[in-house]
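# A look at the structure
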Amino acid sequence: MPSADPTRPVYVPTPRARLLNPLFDSYKLRLDGPFRDPVHAALPREVGLVPSTAHAPLKKLQARSAFNHLFAFPGRDEGLYVDEAFRLMSLSIQKDTRAIQFNEAFQLPQPTVPTEAREYPSIQRAGPYVLVSNGGGSLLLLRDGPESTFIRVATVTGIEGVQVLVDAILVEENVLLFLAYRMEEHDQGVGHVRETASSPPRIIFRLGLFSVTLNGQADEELNAKKLSVVEGTSAPYLAKIEADGRGFAIASSSLYGGPELRKLEPATQLPAPTHVLGTISTPSAPFSEYRWHQTGEDITVSIRVPPTTTQRDIHCVFTPTSIKCKLRRPVETMLINAALFDLIEPRESLWVLEDDARDDMSVNLEDDDVSDDSHGFRVVTLHLHKTHGGTRWDELLDPSLNEGAVVDETLDAAELAAFATALDKYTEDEPEVITTPGAAAAAAATVPTHPLHNAMTERSEEVDFEGPPVALTRFSAFSPVPTQAMHPGGAHGWLCGAFSWRPAAAPVVPLLCLRTDVDCLVYGLSSHLSLSPLGGFDALGFVHASKRDARFTAVTGDCGLAFVCETRGHVYVYAKKREESDVVADQYIVNLRGAEEVVGDAGNVVGFQQIGETAVLVLRERTVSLIDWAAPREQT
């Protein structure tokens with residue numbers, strides 16, 4: 001993952017190790033799970049897609065490829081999309097028959113801009129109001145009408161270019177705030193990214209916060225007031241307005257900012273969040289300078305001490321959950337005193353005092369420019385024996401209990417290659433999936449009884465170990481200068497967000513699923529970039545990286561299920577462990593190929609949303625499929 005801008009402080013979300021199990025082994029395929037056979041239906045008209053050309057910039061193609069054409073909202077058991085005739089269509093489920101119902105909710109105006117200037121239609125809801133962009137120059141404000149229809153309230157004016165809507169809220173009865181971005185070519189530096197005079201034009205994303213005051217009159221024109229505009233070099237993964245309307249946060253692959261950001265001094269550009277589940281990545285007192293590395297069975301920690309240190313000057317205490325090591329003389333100094341990431345065996349752990357005869361602590365003995373005095377240190381080496389052999393530690397210390405103690409492992413190329421080989425067990429070829437009702441018994445003999453991901457040697461497909469980076473930026477409602485920012489590094493990366501749907505009475509908290517090493521941790525995002533750990537999925541980061549045809553990934557709002565939807569063919573469902581100590585978890589596979597029997601070529605998956613407590617819709621170019629499961633979920 002690319003490192004953060006060195007002129008800015010780096011804040012790393014602190015993983016909660018107890019949400020994950022270092023002994024986790026695999027996901028097991030279950031044929032007797034709660035998922036029913038999917039229901040497929042042909043669309044009345046195809047989904048409207050913007051033609052892409054070979055000359056479109058890469059960033060624009062990437063943004064379009066990640067676009068979700070199906071929209072759903074908290075407390076609303078329906079999905080919304082726009083078809084090729086620019087009709088706003090509503091999808092709902094008849095609960096008794098499981099039939100998919102279509103309803104034309106509103107006829108949008110035809111685009112007024114050339115095809116090459118259009119974007120995909122986008123929809124956002126704020127209370128009883130629905131804001132819709134037709135992707136071609138028109139922005140309409142609608143409100144709920146009878147029988148799943150909408151009534152036109154106003155045309156929204158004062159917006160430059162074709163906007164893609166990403167969020168909307170009501171902050172008062174008559175004030176609506178919304179976030180939208182547009183893509184344009186730019187020949188200057190963007191936000192925190194500096195360009196040279198010879199740099200070619202590039203696509204940038206201008207994300208704006210706008211307000212509209214409702215006057216209570218029907219079919220009027222409402223002028224949108226621009227409150228703030230910020231810039232970025234990639235489309236946002238997620239952008240949310242805070243509940244009080246005083247600020248908004250953006251999750252993207254790089255930090256967002258504005259032209260004013262370049263005028264600030266480096267030390268003041270990105271202040272720390274007022275409350276953030278994270279630490280500055282440089283260790284602080286009482287921890288002395290140290291390095292650490294590991295094997296499958298042991299941890300080795302090296303701590304530099306003065307050259308006059310003897311064994312009598314060192315005092316070390318090992319417990320199953322912590323280590324303590326101090327220097328008694330010449331001045332009593334605590335070298336390390338902290339809780340460990342996982343358990344160790346104290347009786348099989350030891351320490352030794354050695355001369356620092358290597359360059360482990362950033363000293364090169366062969367460098368003629370280094371004086372003899374610069375490397376006259378000794379090193380206390382702690383050898384810790386893992387209780388759970390054959391596992392990898394994400395950190396040496398438990399970050400949730402040791403603020404300021406994040407130190408990356410020293411890992412050489414050979415160790416990294418061995419690590420990659422060990423992780424191959426998560427990418428075994430998958431068996432054929434049951435496609436017809438009542439076929440479980442007949443297919444049981446052809447489906448392996450061992451876990452899907454338990455091959456330890458042969459790799460079935462290449463895996464992207466890096467994954468996309470993630471940066472979080474928070475702005476006040478009236479300024480393009482960030483108030484807080486977070487740019488995780490190391491093994492942290494973006495995995496996915498959560499479905500928009502929530503029960504009507506449930507609080508709506510944006511969820512971020514961050515890949516932490518090979519695992520996935522789910523955080524709730526609240527005001528001022530405050531992150532709260534809500535759950536985790538062991539090994540989901542690596543499993544997701546192995547799905548090279550993945551189109552959409554999301555978790556349910558209760559953090560109980562994670563879905564990976566392919567462009568064609570299958571949806572993979574990973575269940576949360578029943579107990580945190582479990583070493584296996586359930587996996588289900590839903591086959592969508594039955595949609596081809598409805599229309600022949602159903603096309604690619606273009607939308608994916610949860611629309612009820614136990615229902616997910618998969619929108620393809622010509623069909624829609626219902627995936628539902630028994631409630632409550634029971635794992636036998």
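Residues numbered from 1 in each chain as written. Predicted model: local features only at pLDDT ≥ 70, side-chain atom pairs only at ≥ 80, totals over all residues. Heavy atoms only, no water.

## Some points on the overall build of the protein
Our working definition: Helix numbers and strand numbers start at the N terminus; a helix is a DSSP run of H or I with at least 4 residues, a strand a run of E with at least 2. Working definition: with a 1.4 Å probe on protein chains only, accessible area under 20% of the residue-type maximum means buried, over 50% means exposed, and in between means partly exposed. We call two residues contacting when some pair of their heavy atoms lies within 4.5 Å.
A tally of helices and strands in the protein yields six helices and 39 strands. Burial analysis of the protein (636 residues in total) assigns 53% to the buried set. A sequence separation of at least 24 residues applies to 64% of the contacts in the protein between residues at least 6 apart.

## Let's talk about the pattern of salt bridges
Note on pairing: side chains with opposite charge can pair once their charged atoms come close. What counts is decided by this rule: A pairing counts as a salt bridge when a side-chain nitrogen of Lys or Arg comes within 4 Å of a carboxyl oxygen of Asp or Glu.
Considering all chains together, one arrives at 26 salt bridges under this definition. Close ionic contact of Arg568 with Asp601 constitutes a salt bridge, the shortest N to O distance being 3.3 Å. You can see Arg568 sitting in the loop between strand E34 (561-566) and strand E35 (570-575) and its partner Asp601 sitting in the loop between helix H6 (596-599) and strand E37 (605-612), a full 33 residues away along the chain. For Arg568, a relative accessible area of 36% corresponds to the partly exposed category. The partly exposed category is assigned to Asp601, whose relative accessible area is 40%. Of the charged contacts, one joins Arg620 and Glu596 as a salt bridge, the two residues approaching to 2.9 Å between their closest N and O atoms. One end of the pair, Arg620, is in strand E38 (residues 615-620); the other, Glu596, is in helix H6, and 24 residues separate them in sequence. Sharing partners across several salt bridges, the network here consists of Glu46, Arg568, Glu596, Asp601, Arg620 and Arg622.

## What about the state of the cysteines?
Rules: Only a pair of cysteine sulfur atoms within 2.5 Å qualifies as a disulfide here.
Taken as a whole and assessed by the stated rule, the structure comprises zero disulfides. Its sulfur unpaired, Cys520 is 4.5 Å from the next cysteine sulfur, which belongs to Cys513. Of all cysteine sulfurs in the structure, the one in Cys513 sits closest to Cys559, which takes part in no disulfide; the separation is 6.9 Å.

## Re the environment of Ser65
Selection rule: The definition of a polar contact used here is a pair of N or O atoms within 3.5 Å, where within protein one atom must be able to donate a hydrogen and the other to accept one, and adjacent residues in sequence count solely through side-chain atom pairs.
Residue placement: Ser65 occurs in helix H1 (residues 58-65). Overall, the relative accessible area of 45% leaves Ser65 in the partly exposed class. Measuring from C-alpha to C-alpha, the distance between Ser65 and Val606 comes to 8.7 Å, with 541 residues separating the pair along the chain. A polar atom in the side chain of Ser65 sits 2.8 Å from the backbone oxygen of Gln62.

## Comments concerning the sheet that holds strand E6 (residues 87-94)
Stated formally: The pairing criterion is simple: DSSP has to find at least two bridges between the two strands. For helices, the axis comes from a line fit to the C-alpha atoms of the stretch in contact; other axes are also lines fit to C-alpha atoms, and the angle between any two N-to-C directions lies between 0 and 180 degrees.
Spatially, E4-E5-E6-E7 is the arrangement adopted by the four strands of the open sheet, whose pairing is antiparallel. Lying at the two open borders of the sheet, with one neighbouring strand each, are strand E4 (71-73) and strand E7 (99-107). Strand-to-strand twist across the sheet, computed as the mean angle between neighbouring axes with direction ignored, equals 30 degrees. Both E6 and E7 contribute to a ladder of eight bridges, which runs antiparallel.

## Let's talk about H1
Heads up, the rule is: The arc in question is the one traced by the directions running from the helix axis out to the C-beta atoms.
All buried positions along H1 are accounted for by Lys60, Ala63 and Arg64. Burial along H1 is one-sided: seen end-on, the buried residues are contained in an arc of 95 degrees.

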